[in-house]
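# Fold and geometry: a report
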Amino acid sequence: MTTDIEALKASYKAAGQDHVFTFWDKLSKDQQDALVAQLVEFDPSEISTIAKDTIESFTKLTSGSAAPEDSSVEPLPESATFSLLDSSKEQQDKYFAQGLELIAANKVAVILLAGGQGTRLGSSAPKGCYDVLLPSHKSLFQLQGERIERLQNLAQAKAATSSTKVAIPWYIMTSGPTRKPTEEFFEKNNYFGLDKANVFFFEQGVLPCLTTDGKIILESAGKVAVAPDGNGGFYKALVKAGVIADLEKRGIEHVHTYCVDNCLVKVADPLFIGWAADLKLEVGTKVVRKRDAAESVGLIVAKNGAPAVIEYSEISKDLVGLPDSADPSILKFRAANIVNHYYSVPYLQSIPSWPASVLPYHVAHKKIPYIDLATGVEDPKPTKPNGIKLEQFIFDVFPALSLSKGQFGSMEVHRSQEFSPLKNAPGSKEDSPETSREHLLAQSKGWLEAVGATFPNSETVVEVSPLTSYGGEGLEKFKGTVFDKPEYII
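Please read these numbers as outputs of a predicted model, since none were measured by experiment.

### Describing the packing of helix α4 (residues 89–104) against helix α9 (residues 270–278)
Closest axis-to-axis distance for the α4/α9 pair is 6 Å, and the angle between their directions is 90 degrees. The pairing of α4 with α9 is recorded here as roughly perpendicular in orientation. On α9, the residues touching Q92, K94, Y95, F96, Q98, G99, L100, L102 and I103 of α4 are P270, L271, I273, G274, W275, A277 and D278. The residue makeup of the contact of α4 with α9, split by class, is 10 nonpolar, 4 polar and 2 charged.

Rendered as structure tokens:
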């Protein structure tokens with residue numbers, strides 16, 4: 001397809017962004033083609049409008065001139081919550097069985113947010129490739145892929161009378177830099193035993209970086225400075241990459257979405273799926289109980305009567321440590337957001353009809369490589385923030401959902417069983433490779449002790465493979481087993 005260069009230039013000029021062609025005549029044919037390939041991906045008029053509205057809103061907010069919000073913040077109503085910490089085993093088993101039936105009927109898919117690199121971990125590879133120091137040296141991708149395989153097998157056994165092969169499609173959203181190495185990692189590892197036809201890679205979008213007055217920044221003479229559009233760009237990417245169309249083609253009705261860095265994530269959790277489907281939710285989210293008042297986490301709340309996420313910095317000191325009226329031993333505001341969500345497919349199908357206000361843009365001031373338009377001198381490493389990146393947040397859709405209509409719900413889960421993010425460098429006290437290993441091994445040991453195994457030496461290490469057990473099931477044969485050697489892999 002040939003691009004009409006003059007029409008492209010005219011569109012950028014009309015939007016006040018024609019400076020992106022400042023060095024056009026000095027570029028080689030290949031450089032011109034590369035620049036055009038970038039520019040045709042953006043609507044310059046839309047970029048200018050977004051920039052104007054977002055920068056104005058941010059300026060008002062930071063200057064204190066924004067009109068005060070009539071905001072009322074409360075925990076979600078009980079009708080929109082369910083907790084594994086205080087609900088009955090019978091209820092949990094019911095939801096698990098319902099979810100497994102949906103998996104057996106091939107109605108469930110998984111979407112993984114995997115755009116991050118392991119930079120803070122000292123690795124240039126995608127974070128999902130990271131070895132969390134288990135005896136098996138399995139990566140995050142492998143742990144999650146094997147959980148999918150185990151679930152498929154459990155569901156297949158449930159659907160023993162059916163000739164249909166159970167499959168949980170796995171859609172993996174990468175960023176531009178992580179796309180190729182992620183695909184190569186999966187190829188090298190034979191897709192971790194999964195059918196290649198059920199693993200789908202796609203990229204999150206990018207947006208141009210901007211000056212503080214809304215002008216697109218050129219990184220070099222023939223390249224626009226761009227940045228990922230935030231995890232909220234997930235929604236647009238689903239449509240653009242054809243994920244929604246593929247879900248429809250496969251007859252998928254329920255989707256589980258999560259972040260790659262959580263080593264304990266229960267991928268396609270039948271209990272979560274069954275609960276959300278039973279309540280006919282459009283969107284559901286998992287939360288863990290906040291450790292204490294000082295923990296810096298975003299919280300799931302009801303704000304002005306609608307579901308929302310508020311950051312730790314947004315909660316007043318009067319509210320942050322407020323005890324729950326029914327149980328003073330726990331916090332009133334305790335539902336920590338872990339970016340672990342359920343979506344009904346009809347809800348995702350509605351994405352193209354969403355008004356722009358559903359997903360606002362947020363401003364992040366950053367050091368952005370740039371070329372001086374007047375001199376042509378490049379500065380690849382500015383020493384202070386010189387521009388902004390626009391991003392959207394995945395949870396900004398929550399306020400558009402109705403609590404009264406039962407469109408949104410929150411499930412509280414056990415932190416020790418479901419949440420251990422890998423964010424910090426080796427040696428860090430929290431959210432590090434060491435804590436990921438510790439939590440995974442503690443989970444394995446707990447499962448075995450629950451069926452009657454014993455560990456005379458507290459230093460004994462046992463790793464239960466996800467292929468052996470998804471959530472502690474199937475380990476009864478180890479009743480009475482004494483684990484007395486340094487290390488086991490089951």
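### Details of the pattern of salt bridges
This model, assessed by the stated rule, comprises 21 salt bridges. With a closest N to O distance of 3.8 Å, D261 and K127 form a salt bridge. On the criterion of sequence distance, the pair formed by D261 in the loop between β10 (254–259) and α9 and K127 in the loop between β3 (108–113) and α5 (140–158) is long-range, its members being 134 residues apart. Accessibility expressed as a relative area gives 9% for D261, which makes it buried. Looking at K127, the relative accessible area reads 12%, which means it is buried.

### Here we look at the domain arrangement of the protein
Each assigned domain of the protein is listed here: domain 1 (71–423) and domain 2 (432–489). A straight line from the C-alpha centre of domain 1 to that of domain 2 covers 28 Å. Contact with domain 1, which involves 26 residues of that partner, is made by 23 residues of domain 2. Broken down residue by residue, the surface that domain 1 buries against domain 2 is led by L133, P135 and R150, which jointly contribute 29%. For the pair domain 1 and domain 2, the interface holds 1 salt bridge. Its salt-bridge partner being E473, residue R150 comes within 2.9 Å of it at the nearest N-O pair. Our enumeration of links across domain 1 and domain 2 arrives at 11 residue pairs in polar contact (both at pLDDT 80 or more). At 7 residues, α5 tops the list of elements feeding residues into the side of domain 1 that touches domain 2. The residue inventory of the side of domain 1 that touches domain 2, partitioned by class, reads 16 nonpolar, 3 polar and 7 charged.

### Quick word on the packing of aromatic side chains
Applying the stated criterion to the full structure yields 26 aromatic pairs. Look at F82 and W275: their rings are 6.5 Å apart centre to centre, the planes differ by 25 degrees, and that puts the pair in the stacked class. Note that F82 is positioned in strand β2 (residues 81–83) and W275 in helix α9, a separation of 193 residues in sequence. In terms of burial, F82 and W275 fall into one category: buried. Ring-pair connections join several aromatic residues into one group, and the members of that group are F141, W170, F185, F186, Y191, F192 and F201. The ring centre of F455 lies 5.2 Å from the NZ or CZ of K445, which sits over that ring.

The rules behind these values
- Residues numbered from 1 in each chain as written.
- Predicted model: local features only at pLDDT ≥ 70, side-chain atom pairs only at ≥ 80, totals over all residues.
- Heavy atoms only, no water.
- Axes fitted to C-alpha atoms, helices over the stretch in contact; angles between N-to-C directions.
- Helix = DSSP H or I, 4+ residues; strand = E, 2+ residues; numbered from the N terminus.
- Parallel < 35°, antiparallel > 145°, perpendicular 65-115°, else oblique.
- Contact = heavy atoms within 4.5 Å.
- Nonpolar A, V, L, I, M, F, W, Y, C, P; charged D, E, K, R; others polar.
- Salt bridge = Lys/Arg side-chain N within 4 Å of Asp/Glu carboxyl O.
- Buried < 20%, exposed > 50% of the residue type's maximum accessible area, 1.4 Å probe, protein only.
- Domains from an automatic or database assignment.
- Buried area = accessible area lost by both parts, 1.4 Å probe.
- Polar contact = N/O pair within 3.5 Å; in protein donor to acceptor, adjacent residues only side chain to side chain.
- Phe/Tyr/Trp six-rings, centres within 6.5 Å; stacked < 30°, edge-to-face > 60°.
- Lys NZ or Arg CZ within 6 Å of the ring centre and 35° of its normal.

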